[in-house]
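These are the residues of each chain, in order.
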Amino acid sequence: MAGGNERSMKALKEVWKRAENSLCADCGKPDPDWASSTLGVFICLSCSGIHRNIPSISKVKSLKMDYWDDAQVQFLAKHGNAVTKAMYEAHIPIYYYQPTYNDCQVLREQWIRAKYERKEFTEPGKQLPYSDGVKEGILWKRGRDNGQFLPRKFLLSEREGCLKYFTKQDAKEPKINVKIDVINATFQPEKIGNPNGLQITYLKDNKTRNIFVYHESGKEVVDWFNAIRSVQFHYLKVAFPIASDNEIKNRLTRNFLKEGYMEKTGPKQREAFKKRWFTLDHRRLMYFKDPLDAFAKGEVFVGSGENGYSVQKGLPSGTQGNFSWHYGITIVTPDREYLFTCETESDQLEWIRAFTSVVNQAMTPQEYAIEAYFKFKS
């Protein structure tokens, strides 16, 4: 019996060591040490918890702590991540957001359920709830002034190329009507205080407006998210006919590069530093009095190094404004310097890394136009 167990463990380790099984099949996290004995995939601890919630589909076991019999090991050897992915991920729409281990729970859970439970990607041309080019339904939206979440009707239309929401079910005119190409959507469960919280942003008069929504159903809110990406993708395919699918995919919804509190001072650099919530959305650094504010109090354009932008650790010598946090950052632009302070050194280094990643990228023609607007505004 002991010899059989040793033989199974040796065979298990051989399958486990295959290159295809070195990353979690669902989120891409390195060195997965769990596996599904019914699906044949190698997964990380976090994704194994999601699999455990769908026991009719997936039975999970630890590769280190649990016993695997010969039949289970042979099943893993026959399948593995490559074979199983070829089956369950055969026809993923290019616009569908495939989450990583850095993404929130609701995105990862619905991705796993979409693959194995609903089998959304096993057949070509399958009708999906986010692929119709139109989506209508209720989302709970946070009020701009009172902070209460109230049900609002939303309508997404590929034909009209816009997203609308209505304050009343029977309202004929929408409260907003936003062109699909100026919309971003990103999951913000911690900031919104709901595991299914979604932040929708859009540009109005070249200023960013935030809308915070959620739905009680994780599937419904992720369907909304992917419906927005679907409509954006088809809109941009028409607008940029020579662009490749991957180029267009990269222009769909994006996560913010960095968010958090910093202190800032004014242009004279003698005013007291004030604590603000900052959001870095690629080249737009926005700051808010409160993380759930609808409008930013101000925005800073972060250009490229070749155009005179840089980020420096610390503050200029002789900075006069009073500040309570002591880990400074200076952003140098062609027109002025912006001074910030962080509470901890780790915050400072994370912000510097984020700013540096932006400064090191060459600017696109569209970004030159945004820069010109910022200069004109100032």
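The structure this text deals with has already been given above.
Now for a look at the structure at hand.

Reading the values: rules and limits
Residues numbered from 1 in each chain as written. Predicted model: local features only at pLDDT ≥ 70, side-chain atom pairs only at ≥ 80, totals over all residues. Heavy atoms only, no water. Helix = DSSP H or I, 4+ residues; strand = E, 2+ residues; numbered from the N terminus. Buried < 20%, exposed > 50% of the residue type's maximum accessible area, 1.4 Å probe, protein only. Contact = heavy atoms within 4.5 Å. Areas by Shrake-Rupley, 256 points an atom, 1.4 Å probe, with all protein chains shown as cover. Lys, Arg positive; Asp, Glu negative; His and termini not counted. Charge placed at Lys NZ, Arg CZ, Asp CG, Glu CD. 1 Å grid on protein atoms, 1.4 Å probe; cavity = no way out; pocket = protein on both sides within 12 Å on 5 of 7 lines; lining within 4 Å. Points joined across faces, edges and corners; volume = space filled by probe spheres on them. Domains from an automatic or database assignment. Nonpolar A, V, L, I, M, F, W, Y, C, P; charged D, E, K, R; others polar.

1. Considering the overall build of the chain
Then, number 1: Within the chain, the secondary structure is distributed over 10 helices and 17 strands.
Then, number 2: The C-alpha extent of the chain, read off along each of the three principal axes, is 80 × 55 × 45 Å.
Then, number 3: Relative to its full complement of 378 residues, the chain shows a buried share of 48%.
Then, number 4: By sequence separation, contacts in the chain at least 24 residues apart represent 53% of the contacts at least 6 residues apart.
Then, number 5: Carbon and sulfur atoms make up 50% of the accessible area of the chain, which totals about 18,900 Å².
Then, number 6: In the chain, the 56 positive side-chain charges and the 46 negative ones have mean positions that sit 3 Å from each other.

2. Remarks on the layout of surface pockets
Think of a ball as big as a water molecule: rolled over the atoms, this probe shows where empty space is left.
Then, number 1: Here the largest pocket is characterised by a volume of approximately 960 Å³.
Then, number 2: In terms of lining residues, the largest pocket is bounded by 28 residues, among which Asp181, Arg251, Arg254, Gln366 and Ile370 are the most central.
Then, number 3: Built from parts of two domains, the lining of the largest pocket gets at least three residues from each of domain 2 (134-250) and domain 3 (258-376).

3. Here we look at empty space enclosed by the protein
Then, number 1: Enumeration according to the criterion identifies two cavities of 30 Å³ or more in this entry.
Then, number 2: The computed volume of the largest cavity comes to approximately 60 Å³.
Then, number 3: Together, Lys141, Arg142, Gly143, Arg144, Arg209, Asn210, Ile211, Phe212, Leu292, Asp293 and Ala294 line the largest cavity.
Then, number 4: Sorting the residues of the lining of the largest cavity by element identifies strand 4 (134-142) and strand 10 (207-214) as the ones contributing at least two each.
Then, number 5: When residues of the lining of the largest cavity are assigned to their parent elements, the largest contribution, four residues, is made by strand 10.
Then, number 6: Approximately 40 Å³ is the volume attributed to the second largest cavity.
Then, number 7: Together, Tyr97, Asp103, Leu107, Ala185, Thr186, Phe187, Phe225, Thr253, Arg254 and Asn255 line the second largest cavity.
Then, number 8: For the lining of the second largest cavity, the element with the highest residue contribution is strand 8 (residues 183-187), accounting for three residues.
Then, number 9: Tallied by class, residues from the lining of the second largest cavity come to five nonpolar, three polar and two charged.
Then, number 10: A domain split of the lining of the second largest cavity shows at least three residues from each of domain 1 (1-117) and domain 2 (134-250).

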